[in-house]
There are 2 protein chains.
Amino acid sequence: MGLWVQKYGGTSVADPERIRAVARRCLRARAEGHDLVVVVSAMSGETNRLLKLVQSVNQRPSEREQDVVVATGEQVTIGLLSLAIQAAGGQATSFLAHQCRIVTDSTFSKARIKRIDEEPLRAALARGEVAVVAGFQGIDEEGNVTTLGRGGSDTTAVALAAALRAERCEIYTDVDGVYTADPNVCPAARKLDRISYEEMLEEASLGAKVLQIRSVEFAMKYRVPLWVKSSFTDDPGTLVCEEDAAMEDVLVSGITHDRNEARLVLRGVPDRPGVAARIFGALDERHIVVDIIVQTAQQDGRADLSFTVGRADLAATREAMDRLVPELGLRGVESDDQVAKVSIVGVGMRNHSGVAARMFDVLGKEGVNIQSISTSEIKVSCVVAAKYAELAVRALHTAFGLDRADAAAER
Amino acid sequence: MGLWVQKYGGTSVADPERIRAVARRCLRARAEGHDLVVVVSAMSGETNRLLKLVQSVNQRPSEREQDVVVATGEQVTIGLLSLAIQAAGGQATSFLAHQCRIVTDSTFSKARIKRIDEEPLRAALARGEVAVVAGFQGIDEEGNVTTLGRGGSDTTAVALAAALRAERCEIYTDVDGVYTADPNVCPAARKLDRISYEEMLEEASLGAKVLQIRSVEFAMKYRVPLWVKSSFTDDPGTLVCEEDAAMEDVLVSGITHDRNEARLVLRGVPDRPGVAARIFGALDERHIVVDIIVQTAQQDGRADLSFTVGRADLAATREAMDRLVPELGLRGVESDDQVAKVSIVGVGMRNHSGVAARMFDVLGKEGVNIQSISTSEIKVSCVVAAKYAELAVRALHTAFGLDRADAAAER
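Residues numbered from 1 in each chain as written. Chains lettered and ligands numbered in written order. Predicted model: local features only at pLDDT ≥ 70, side-chain atom pairs only at ≥ 80, totals over all residues.

Asks: So what's going on with the domain arrangement of chain A? Residues and values would help.
Replies: Domain assignment breaks chain A into domain 1 (3-174) and domain 2 (255-410). The C-alpha-based centres of domain 1 of chain A and domain 2 of chain A are spaced at 36 Å. (Domains from an automatic or database assignment.)

Asks: If you had to explain the pairing of strand S15 (residues 302-310) of chain B to someone new, which residues and values would you point to?
Replies: Regular strands place their side chains on alternate faces of the sheet. Residue and element names in this part refer to chain B. In terms of strand pairing, strand S13 (residues 254-270) meets S15 through eight bridges, oriented antiparallel. Bridging from a neighbouring strand, valine 265 pairs with serine 306 of S15. As paired strands, strand S14 (residues 290-297) and S15 are joined by six bridges and run antiparallel to one another. Bridge pairing in S15 links valine 294 to serine 306. Here S14 hands over to S15 after four residues, with glycine 301 in that stretch at a positive phi of 75°. (Pairing = 2+ DSSP bridges. Helix = DSSP H or I, 4+ residues; strand = E, 2+ residues; numbered from the N terminus.)

Asks: Report on the sheet that holds strand S2 (residues 35-40) of chain B, specifying residues and quantitative values.
Replies: Residue and element names in this part refer to chain B. Strand order in the open sheet formed by eight strands is S3-S6-S2-S1-S9-S11-S12-S10, with mixed pairing between adjacent strands. Edge strands, defined here as strands with exactly one partner in the open sheet, are strand S3 (92-95) and strand S10 (194-196). Along the sheet, successive strands turn relative to each other by an average axial angle of 20°, direction set aside. Both strand S1 (residues 3-8) and strand S9 (residues 168-173) contribute to a ladder of five bridges, which runs parallel. Residue valine 5 lies in a different strand from S9, and its bridge partner there is cysteine 169. (Axes fitted to C-alpha atoms, helices over the stretch in contact; angles between N-to-C directions.)

Asks: Please set out the relation of the copies chain B and chain A residue by residue, giving values where relevant.
Replies: In screw terms, the move from chain B to chain A is a rotation of 180° and a rise of 0.1 Å along the axis, fitting with an RMSD of 0.1 Å. Put plainly, the chains are arranged around a two-fold axis. Across chain B, the rotation axis passes nearest the C-alpha of B:Thr72, at a separation of 2.7 Å. Looking at the interface residues of chain B, 100% of them are also at the interface in chain A, so both copies use one shared face. (Least-squares fit on C-alpha atoms with pLDDT ≥ 70 in both. Contact = placed C-beta atoms within 7 Å.)

Asks: Help me get a handle on helix H7 (residues 197-205) of chain A, residues and values and all.
Replies: All names here are of chain A. Burial of H7 is extensive: eight of the nine residues sit out of reach of the surface. Taken together, the buried positions of H7 are Tyr197, Glu198, Glu199, Met200, Leu201, Glu202, Glu203 and Ala204. In the core, the buried residues of H7 are packed alongside strand S10 (194-196), helix H8 (213-222), strand S12 (238-241), strand S13 (254-270), strand S16 (332-345) and strand S18 (379-385). (Buried ≥ 20, exposed ≤ 12 C-beta atoms within 10 Å, placed from the backbone.)

Asks: I'd love a proper account of the sheet that holds strand S11 (residues 226-230) of chain A, names of residues and values included.
Replies: All names here are of chain A. Taken in spatial order, the eight strands make up an open sheet running S3-S6-S2-S1-S9-S11-S12-S10, and their pairing is mixed. Looking at the sheet topology across the chains shown, the edges are occupied by strand S3 (92-95) and S10. Strand-to-strand, the axes of this sheet are offset by a mean angle of 20°, without reference to chain direction. The sheet contact formed by S3 and strand S6 (residues 130-134) spans four bridges and is parallel. By the bridge assignment for S6, phenylalanine 95 is matched with valine 133. Along the sheet face, helix H4 (residues 72-87) touches strand S2 (35-40), S3 and S6 and points at about 165° away from the line of S6.

Shown next, in the form of C-alpha cells:
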C-alpha cells in the first residue's frame with residue numbers, strides 16, 4: 001500500500017497499443033492500493049529522429065538548443081500515457097521537468113539532478129491521480145531545459161523514488177531482469193533474483209546496458225529498492241538492493257563484455273614527472289574518457305604505456321597522441337580497434353583470493369591472450385582480442401558455475 | 001534600426017532546408033541593424049501528426065494533456081531554427097512559453113494571453129541574439145501548458161510585438177499578402193498594399209485564413225503595424241494598419257466567401273418570451289457557434305427562424321433542434337448543408353449608402369437567390385446556395401471595381 005515509482009523505457013511505449021498496455025499496468029498497481037508516480041522515456045526511435053533533425057540544420061549543435069529539441073520526445077509520451085490512463089478509467093496528470101522542478105546543473109546533454117520539488121506530485125497523488133513525469137529532462141537554475149544523457153529516464157525515476165521516499169522503484173524494460181551474462185552471447189545465462197547495488201554499478205560501468213550508471217548510484221546512495229522488470233511479461237524481475245550474507249557466498253555474480261573498445265600503445269614514453277599528465281591532459285581536453293591504463297617499465301628510463309578508449313574516440317585519440325610524438329620523443333604510437341573488455345563481477349571476491357588467477361587460467365586454457373588487466377575490489381577486467389569476446393564470456397560463465405542447471409543438456 | 005517581430009508559419013519551416021532559408025532571412029534583418037524576435041509554428045503536418053497520436057490513445061482527450069502533446073511541435077522548431085541561425089554564423093536563444101512567461105488563462109486548447117515577461121527577451125536582444133520564441137503555446141498561472149488554438153502563433157507574435165513595443169510585426173506565410181478575394185476562386189484578385197485593422201478583422205471572421213482573428217484584435221488594440229508577407233519571395237506584402245482617408249475612398253476592399261456553412265430553418269416557432277433563449281441556449285450548451293440569424297414574422301403568432309452554423313456542427317445542431325420540436329410545438333426543422341456565405345468588406349461603406357442594395361442587385365442579375373442577409377457597419381454578408389459561391393465572388397469583385405487592370409485582357 002506504499003508509494004511506488006515505475007519507469008517505462010522507449011520500447012515499452014513504442015506505439016499507441018503499447019502505451020495502452022502500460023496504462024493498464026499502472027491501473028493494476030493503483031487497484032492494489034499503491035500511490036503511483038510513473039516516469040516515461042520517449043517512444044523508441046523518437047530521440048534518434050530528433051537528433052537527426054538537429055544534425056540536418058547544424059552539424060556542431062549547441063547542446064542547449066539540442067536539449068530543447070530532444071526533450072520533446074518525453075513530453076509527447078507523458079501526455080499520451082496520461083490520456084491512455086484516463087481512457088482506461090483512471091485519473092492522471094502529466095508533469096514536465098519545470099512543473100515538478102527537477103532542477104539540474106547546467107551541463108547540457110548530461111546534466112545531473114540537484115533537487116526535485118515533491119509538492120506538486122504529492123498533491124496529484126492526494127487527488128488519487130497517477131503522476132506521469134517526463135524522464136530524461138530537467139531545468140537548470142535559470143530555467144533552461146537540460147537533459148540527463150542516454151538512459152537518463154532511469155535516473156529520473158530513482159531520483160523521484162528517493163525524493164518521495166518510495167517503497168520501491170520499478171524499471172520496466174524489454175528484458176525481464178538482470179542476467180549473469182548477455183543471453184545473446186551466452187545461452188546458458190541465468191536471470192538473477194537479486195544483485196547488490198555495487199555489483200550492478202560495476203556491471204553498468206562495464207557495458208551492461210540495463211540501467212544508467214547514475215541511476216544505480218542514486219539508488220545505492222538513498223537505498224532505494226530497485227526492480228528491473230519486463231513490461232511484456234509478469235516475471236518478478238531482478239531486485240537491486242543492499243548486499244547481504246547470501247550474496248557474499250557467490251564468488252562471481254555476472255560476466256560482462258564490451259566490444260566498443262579500442263586500445264593504444266605508446267612506445268618509449270620518457271619516465272619523468274609530468275609526462276603522464278601531459279598525455280592524459282591532452283585526452284581530457286578533448287573529453288575522451290580513458291579506461292584501463294597499464295605501464296610497462298623498460299630498462300633505459302623509458303616505458304610502454306597502453307590504455308583503452310571508446311572505439312568512437314579512437315581517431316581523435318590517435319590524432320592527439322601523434323601530435324605528442326615529437327614533443328615527448330615517443331618511439332611510436334600503435335592502436336587496435338579490434339579489442340573487447342571482458343569482466344567478472346561479484347561481491348564475493350572481497351573475501352576470496354585467487355579469483356583473478358582463476359580467470360586468467362580459464363582464458364589461458366581457451367588460448368585467449370590477455371592484453372591488459374584491471375581490477376577493483378569486486379571486479380576483474382581483461383582486454384582481449386575482440387574475436388575472443390564471446391568465447392571468453394561463455395568459458396568464464398561455465399567456469400564460475402553460473403550456467404543454468406538445464407544449460408548443459410541443451411548443448 | 002528598431003525592434004522587429006517576425007513570425008514564420010508551418011509551411012515556412014516545413015523541412016530543414018526551409019528552416020535554413022528562414023535563418024538567412026532572420027540574419028538579413030539583423031544585418032540591417034534590427035533587433036529581432038522570431039516566433040515559429042510547428043513544422044507543417046506536425047500538429048496533425050500529434051493530434052492523430054492523441055486520438056489513437058483517447059478519443060475524448062482531456063484538453064490539458066492534449067495541449068502537453070501538441071505544444072511539442074513548436075518546441076522542436078525553436079530549437080532547430082536557433083541551431084540553423086547559429087550554423088549560419090548568427091547568435092540565437094530559444095524560448096518556451098514558461099521561459100518568457102507567456103501567461104494565459106486556463107482555457108486549454110484555446111487559451112488567451114494575459115501577459116508576457118519581456119525581460120528574458122530583452123536580455124537576449126541586448127546580447128545581440130535573435131530571440132526565437134515558441135508560438136501557439138502558453139502557461140497558465142499554475143504553470144500548466146496551454147495552447148492558443150489554430151493559428152495561435154500569429155497571436156503570440158502580435159502579443160510579443162505589443163509587449164515589446166516593436167516597430168513592426170511581420171507574419172510570414174505561403175501567400176505574399178492579403179488579396180481582394182481568394183485568388184484560387186477569383187483569378188482577377190489583386191494583392192492589397194494596405195488594409196485597415198477593422199477590415200482585416202471582418203475578413204478573418206468571415207473565413208479568410210490569412211491571420212488568426214485574435215492576432216488582428218491584438219494588433220488593433222495595441223496599434224501594432226502588421227505586415228503579411230511570403231517567406232518564399234521578396235514581395236513587400238500587405239500592411240495591416242490604422243484606417244486613413246485614402247482607405248475610406250474605397251467602397252469595398254475585399255470579397256470573402258466561406259463554404260463550410262450549413263443553414264437550418266425552424267418552422268412555426270411560437271412568438272413568446274423565452275423561446276429564442278431556449279433554442280440558442282441548447283446550442284450554446286453544446287458549444288455550437290451560431291452565425292446569421294433571421295426571423296420571419298408570421299400572422300398566427302408564430303414565426304420561421306433560420307440560422308447558420310459551421311457544417312461540422314450540423315448533425316449536433318439538428319439533433320438538438322429535433323429534441324425541441326415537441327417541447328416548443330415546432331412545425332418542423334429543415335436543414336441545408338449546401339450553402340455558402342459571401343461577404344463584401346470595406347470601411348468606405350460607413351460613408352456611402354446603397355452598397356448593400358448594389359450587392360443584392362449584382363447577385364440578382366446573376367440569378368443567385370439570397371437566403372439570408374447580415375450586415376455590420378463595414379460588411380454585408382449573404383447566404384447563398386454553395387454552388388453559386390464562386391460565381392458570386394467573381395461577379396461582386398468585378399462590380400465593385402476590384403479586378404486587376406490586366407485581368408479583363410486575360411479573360
